Amino acid sequence: MNSDLKGKVAFITGAAHGQGRATAIALAREGAHIAAFDIAKQLSYPGYSMGSEDELQSLKKECEAIGVSCEIFRGDVRNDKDITPAVNKVKEVFGRIDILFNNAGICAYGLADELTEEEWDAMLDINLKGAWLVARRIIPVMKEQKSGVIINNSSIAGLRGMNRLCHYAASKWGLTGLTKSWAIELAPFNIRVIAIHPTGVNTPMNDGLAFLEGTTAKEIAERSAGNLIDVPWVEPDDVANAVVFLSSEKARFVTGSSFVLDAGLLTR
Ligand SMILES: NC(=O)c1ccc[n+]([C@@H]2O[C@H](COP(=O)([O-])OP(=O)(O)OC[C@H]3O[C@@H](n4cnc5c(N)ncnc54)[C@H](O)[C@@H]3O)[C@@H](O)[C@H]2O)c1
């Protein structure tokens, strides 16, 4: 256990399932209290399963069984009317926010000349603008504390091009830019900012993309990946372990950088 995470407070977006949930549980095991924020309803685009209210409730129970508190919030990272009350409630209950994991995101395939404006806007608004909308409300809390860590869940698509994923890649490169710019702005306040770049991860998103494409998750992984280490994908716990490390004092001088968790893909 990283004892320095005990009693810390982590605000996690997209926490109902997938990487957000795994990270919430990993941080809870380190003794951190959790604020879990998720849209918890279906979206017409991209059209695969989002998180649910039941998943948020079961996450709360799981965290409490571990021995930490968990506040759950249904909300959209595109909507400040959802974000501001959630942040205010977390401040009221816990008095602080130490870690922000900007993780909520969607993915879907489409060629540049076939995407609609609605699809483009949904991708950029959730994956990129949403991260800023949430951070905008949490940064002042961290500034006042003179401490904090913001981790933006980008992707290998935030460091390379991806076929039929230009809107996704643009959103993920955008997160890389946010990370570097915020690291400069926030270093004087002892706030670190890091982007993580996973290869394919075994989550409902992967299954959802397979569903949309009428194929298997393995075929989706093989299409975009080519990991050096012979695995189709990494597990949500691999991402969670990275976030635990990067949030901890063990990573105290890591800021503005890109943490690549790609089973070697980008080395090819
Ligand atoms: N799965 C992968 O292969 C992979 C690889 C690299 C990076 N990523 C990124 O990691 C992050 C997490 O992905 P995942 O694989 O766990 O996906 P997932 O679809 O399994 O989970 C995403 C969660 O985000 C929530 N969410 C979606 N839109 C939201 C919104 N507007 N407001 C609030 N919550 C919202 C969903 O309800 C869901 O619970 C995403 O940003 C994704 O782009 C995924």
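What comes next is a walk through the structure. (Residues numbered from 1 in each chain as written. Predicted model: local features only at pLDDT ≥ 70, side-chain atom pairs only at ≥ 80, totals over all residues.)

Helical periodicity: at 3.6 residues per turn, an α-helix aligns residues three or four positions apart in one direction. Relative to the 21 Å expected for 15 residues at 1.5 Å per residue, helix 3 (residues 80–94) spans 21 Å between its end C-alpha atoms, a close match to the ideal helical length. Among the residues of helix 3, those classed as buried are I83, A86, V87 and V90. What you see down the axis of helix 3 is that its buried residues fit within an arc of 100 degrees, all on one side. In this structure, helix 3 carries K81, N88 and E92 as exposed residues pointing more than 90 degrees from its buried face. In this structure, the buried residues of helix 3 make contact with strand 1 (9–13), strand 2 (33–38), strand 3 (70–74) and helix 4 (117–145). Looking one or two places after helix 3, you find G95, whose phi comes out positive at around 80 degrees. (Helix = DSSP H or I, 4+ residues; strand = E, 2+ residues; numbered from the N terminus. Expected span 1.5 Å × (residues − 1). Buried ≥ 20, exposed ≤ 12 C-beta atoms within 10 Å, placed from the backbone. Arc of directions from axis to C-beta. Contact = placed C-beta atoms within 7 Å.)

Taken together, the neighbourhood of the ligand is formed by 31 residues, with G14, G18, G51, G105 and M205 sitting nearest. When residues of the shell around the ligand are traced back to their parent elements, those giving at least two are helix 1 (18–29), helix 4 and helix 6 (204–213). Class assignment for the residues of the shell around the ligand results in 12 nonpolar, 16 polar and 3 charged. (Near = placed C-beta within 6 Å. Nonpolar A, V, L, I, M, F, W, Y, C, P; charged D, E, K, R; others polar.)

Purely geometric numbers; function is a separate question.
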